Structure formats: C-alpha cells, structure tokens
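Here is what each chain is made of, one letter per residue.
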Amino acid sequence: MPVSVAVIGECMLELTRAKNFVEGVKNPMAMNYGGDTINTSVYLARNKVDVSYVTALGDDINSDWLVDEWKNEGVDCSLVTRMPNSVPGMYMINVADDGERSFLYWRKRSPASRLFDEPGHSERLFQSLGKHEYLYLSGISLAILPLKSRARLFSLLEKYRVQGGKIVFDGNYRPNLWVSVDEARENYIRMYKMTDIALSTLEDEAMMFDYRSAEHAMQAIRNYGVPEVVVKMGSDGCLVNDGDQIRSVDAIVVRPVDTTAAGDSFNAGYLSARLRGNSVVEACSVGHQLASQVIQHQGAIITK
C-alpha cells in the first residue's frame, strides 16, 4: 500500500522583476509562488509520493491559480481551506548587483496564519488527516500562527501521534517570525518531543540553541526522544543517526546558480527514499542528489 503524507504550511505569491522587456511597462513583474512546505510537497509528488497540502487560501483568482498549479504537479488539494474575502500572502524578491537577494513580505493575517483559529474547523480538518500515515510541517508552519492557534495545533498533533500517526518536522527557523529566541526555543523543544523524523539544519539550530557542532545538535535533538535525526550542513553534507551510530554523508558539490529550496528539496528526496524502504544513509544520498539538481537552476521549483 502506498504511504501518504500530509504537509501543513503556507504558500505565498512570489513577485520578481521580469527579465524580459515589456514594451510600455517600466518595471514589469513576474509572478510565481513559493514557500518551504509547498516546495517540499511538489518534490514529494514528483517522486511519486501520495502528498496532500494542508493550508488556507482566499477566494480570489490568484488562489484559484495556486490550486490549479499544485494539482498539475500531482499534489492533492482537497484539504486546502478557502476563506472568504481573503487573499494569499505575498513576497517580493529584490536582487542586488552582486546577486544577493532580499525579500519584502505582505503576510500579516494571511489565510494560512488563520487556519487553526476556529476550534470546530481544526477538529474536522484533523479528522480528515487521520488517513495519512505521516504529517510534515516546519518551523515556519508554527511561527506564522497566533498563540492560541499554535496551542490548538500542538494539541491536535499530540492526538494524531497517539492514534499512530508519525510526524516529520523541518526545523526551518526564521527569527523575524518569532517574538523572541526564547519563544522559538520553547516551541521547538515541544515540537521535537512529538517528532518521529527531524530534518534540522545546523545553522538554524546553532542560532537558537548555541550548539557548537553538528554532533552537538544531533545529540541534543535525540535527547528529546526523536528516533531519526538528520542535521543538514549545506555543502558539508549532513549527519544522520543509523540506530545509535552517527553517520556522515557527503553532499554532491556543484556550482550553485540559486540555493533557494536546497533544504526543502533535500527533505523531499530524503523522505521519499525512506518511504520506499531505503536506509537513512541511502536516503541522505537521494536528498543530496535532488538538492544538487535544484540549486543549479533559478527558483525554488525547477522545470520537470
């Protein structure tokens, strides 16, 4: 039987200055979409994983377009909530002359941030999620939620796990989305205590917890009771625990064009391989392979 994964998170509209000249338009903009969890969802679907995206959108034409795009990628959208009189969050990418990217965001009170505001809707949504063997979410999935909604999500995740579901957590840390580092630490620790597979990044974990090394981060996360931990280190590869043994898996070194979604695509490659029965070391190699392809192209979602 195929294993199914539900991914909880936020996708936003992405604006960039168009490269192609448009006559009569001073600053033409190109629109796409992006977000850590939707990136992983698309690459899971391309790796033949049965994946459902769990988010909230508005009732506008751009929300219609997003759903159509995801369906075309093979992502199930039956659990996408549509909120009246709302529009998706949005961000704009600015690229400096030296190639460095900066971002402007319009996401306050986005539909995705209100997904778990209403208790009855949240309960019904999680009843539908019971058919999925795995739930996947990230640190951003947590950070965008108001306090009461985040507490409600934690309670529902605990129930899901008690009923036999497995949780995959990508510790994607964005400091500006949290009130303080102390708040982030508290929520990450609570999340790790109910996580079955942790896909962490050394840089993020070190910012929050002052870990001195990947080995330090690995041991700390395992001490919270997480049975399977990956610590990603960018071009230095990753660490993964194979039972009690810690293994190092080299990255595939290429000249990057755009490192957007490197971690998101690694996660999709790793998880898809694990669901096919590959070992943790083999899964890391698959993750590195996919990430190495993605970073040789512009944008988070490369062409098929």
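What you are looking at is a predicted structure, and each value in this text was computed from that prediction instead of being measured. Here the residue numbering is sequential within each chain, running from 1 through the sequence in written order. Totals for whole chains, interfaces and linings use all residues, but because this is a predicted model, local features are given only for residues with pLDDT of at least 70 and pairs of side-chain atoms are given and counted only at 80 or more. Each side-chain value is worked out from all heavy atoms of the structure, with water and hydrogens disregarded.

Undergrad: Could you clarify how one ought to interpret the overall build of the protein in this entry?
TA: Helical segments are the DSSP runs of H or I of at least four residues, strand segments are the runs of E of at least two, and each set is numbered from the N terminus. What the protein contains, in helices and strands, is 10 helices and 14 strands. In terms of C-alpha radius of gyration, the protein reaches 19 Å, essentially the compact-globule figure of 19 Å for 304 residues. Exposure categories follow from relative accessible area, calculated using a 1.4 Å probe and restricted to protein chains: below 20% of the type maximum is buried, above 50% is exposed, and the middle band is partly exposed. Relative to its 304 residues, the protein shows a buried fraction of 51%. To measure how exposed things are, a 1.4 Å probe is used in the Shrake-Rupley method; for residues, cover is taken only from the protein chains shown. Carbon and sulfur atoms form 49% of the exposed surface of the protein, whose accessible area is close to 14500 Å². Across the protein, 32 positive and 38 negative side-chain charges occur, with their mean positions spaced 3 Å apart. Every radius of gyration here is taken over C-alpha atoms, with the globule rule written as 2.2 Å times N^0.38, N being the number of residues. Under this rule, positive means Lys or Arg and negative means Asp or Glu; His and the chain ends count for nothing. By convention, charge coordinates are those of NZ in Lys, CZ in Arg, CG in Asp, or CD in Glu.

Undergrad: Mind showing me how you'd approach the packing of aromatic side chains here?
TA: By convention here, two paired aromatic rings are described through the distance between centres and the angle between planes. Aromatic contacts are taken between Phe, Tyr and Trp rings whose centres are within 6.5 Å, Trp giving its six-membered ring; a plane angle under 30 degrees counts as stacked, one over 60 as edge-to-face, and the others as tilted. For the coordinates displayed, the defined rule picks out 15 aromatic pairs. With centroids separated by 5.8 Å and ring planes inclined at 35 degrees, the aromatic side chains of Y91 and Y105 adopt a geometry described as tilted. With a gap of 14 residues between them, Y91 in strand 7 (residues 90-95) and Y105 in strand 8 (residues 101-106) connect regions that are remote in the sequence. According to the relative accessible area criterion, Y91 is buried, its value standing at 8%. Its relative accessible area of 41% is what places Y105 among the partly exposed residues. Connected via pairs of aromatic rings, a cluster forms that spans F169, Y173, W178, Y188, Y192 and Y224.

Undergrad: For this particular structure, what's the right way to read the sheet that holds strand 1 (residues 4-8)?
TA: Whether parallel or antiparallel, the strands of a sheet pair through hydrogen bonds between backbone atoms. The criterion for strand pairing is that DSSP finds at least two bridges linking the strands in question. In spatial order, the strands read 4-1-9-10-11-12-13-14; together these eight strands make up an open sheet with mixed pairing. The strands lining the two open edges of the sheet, one partner per strand, are strand 4 (50-54) and strand 14 (245-249). On average, each strand axis in the sheet is tilted by 20 degrees relative to the strand beside it, whichever way the strands run. Where strand 9 (residues 134-138) meets strand 10 (residues 166-170), five bridges bridge the pair, whose relative direction is parallel. Opposite L137, over in strand 10, you have F169 as the bridge partner. Should any heavy atoms of two residues lie within 4.5 Å, those residues are considered in contact. Here the axes come from fitting lines to C-alpha atoms, over the contacting stretch only for helices, and the angles between their N-to-C directions go from 0 to 180 degrees. Strand contacts of helix 7 (residues 202-209): strand 11 (197-201) and strand 12 (228-232), with the helix running at about 85 degrees to strand 11, the strand carrying the most contacts. Sheet strands in contact with helix 9 (residues 262-275) are strand 1, strand 9, strand 10, strand 11, strand 12 and strand 13 (238-242), and its direction is about 150 degrees off that of strand 12.

Undergrad: It is not clear to me how the pairing of strand 13 should be interpreted in this structure. Could you clarify?
TA: For a regular strand, side-chain orientation follows a simple rule: the groups alternate between the two sheet faces. By the criterion of burial, strand 13 is predominantly enclosed, with four of the five residues buried. As judged from the three bridges shared by strand 12 and strand 13, these two strands associate in the antiparallel manner. Paired with K232 across the strands is C238, a residue of strand 13. Remark: five residues form the turn of the hairpin made by strand 12 and strand 13, two consecutive strands paired antiparallel; G234 in that turn has positive phi of roughly 65 degrees. Note: strand 13 against strand 14, five bridges, orientation antiparallel.

Undergrad: Even after reading the chapter, I still don't get the packing of helix 6 (residues 181-192) against helix 7, so can you show me in this structure?
TA: Between two packed helices, what matters for the description is the angle formed by their axes and the separation of those axes. Viewed as axis vectors pointing N to C, helix 6 and helix 7 meet at an angle of 120 degrees, and their least axial separation amounts to 9 Å. Taken together, the axis directions place helix 6 and helix 7 in an arrangement best described as oblique. Two secondary-structure elements touch here, helix 6 through V181, A184, R185, Y188, I189 and Y192 and helix 7 through E205, M207, M208 and F209. The class makeup of the residues in the contact of helix 6 with helix 7 is eight nonpolar, no polar and two charged. Roughly parallel covers angles under 35 degrees, roughly antiparallel covers those over 145, roughly perpendicular covers 65 to 115, and oblique covers all other angles. Under the convention adopted here, Pro, Cys and the residues Ala, Val, Leu, Ile, Met, Phe, Trp and Tyr are nonpolar, Asp, Glu, Lys and Arg are charged, and Gly plus all remaining residues are polar.

Undergrad: Please explain the side chain of S52 as it appears in this structure.
TA: Tracing the chain through its elements places S52 in strand 4. Since its relative accessible area comes to 2%, S52 is described here as buried. In protein, a polar contact requires one atom able to donate a hydrogen and another able to accept it; more generally it is a pair of N or O atoms within 3.5 Å, and residues adjacent in sequence count only if both atoms are side-chain atoms. Among the polar contacts made by the side chain of S52, one reaches the side chain of D76 at a distance of 2.8 Å. If we ignore the near neighbours within four places in the chain, the residues touching S52 are V5, A6, V7, D76, L79 and H132.

Undergrad: Can you walk me through empty space enclosed by the protein in this structure?
TA: Rolled over the atoms, a probe with the dimensions of a water molecule shows which regions are left empty. With a 1 Å grid spanning the protein atoms alone, the term cavity applies to any set of points in which a 1.4 Å probe fits but cannot get out, the term pocket to an open set with protein on both sides within 12 Å along at least five of seven lines, and the term lining residue to any residue with an atom within 4 Å of a point. Grid points are joined across faces, edges and corners, and a volume is the space filled by probe spheres set on the points. One pass over the full model with this rule turns up one cavity of 30 Å³ or more. What the largest cavity holds in volume is close to 50 Å³. Taken together, I8, G9, A112, L115, F116, S141, I144 and L145 make up the lining of the largest cavity. Here the residues of the lining of the largest cavity sort into six nonpolar, two polar and no charged.

Undergrad: Please clarify how the side chain of S200 should be interpreted in this entry.
TA: Positionally, S200 belongs in strand 11. Those residues in contact with S200, other than ones at most four positions away along the chain, are G171, Y192, E205, I221, V229, V230, V231 and K232.

Undergrad: Please explain the packing of helix 1 (residues 36-46) against helix 9 as it appears in this structure.
TA: Remark: helix 1 packs on helix 9, axes separated minimally by 8 Å, with the N-to-C direction vectors making an angle of 40 degrees. As summarised for this structure, helix 1 and helix 9 are arranged oblique, according to the angle between their axes. By crossing handedness, the relation of helix 1 to helix 9 is classed as right-handed. In this structure, helix 1 uses D36, N39, T40, Y43 and L44 to contact helix 9, whose residues at the interface are D264, S265, N267, A268, L271 and S272. In this scheme, a crossing is called left-handed if the near helix is turned counterclockwise away from the far one by less than a right angle; it is called right-handed if the turn is clockwise.

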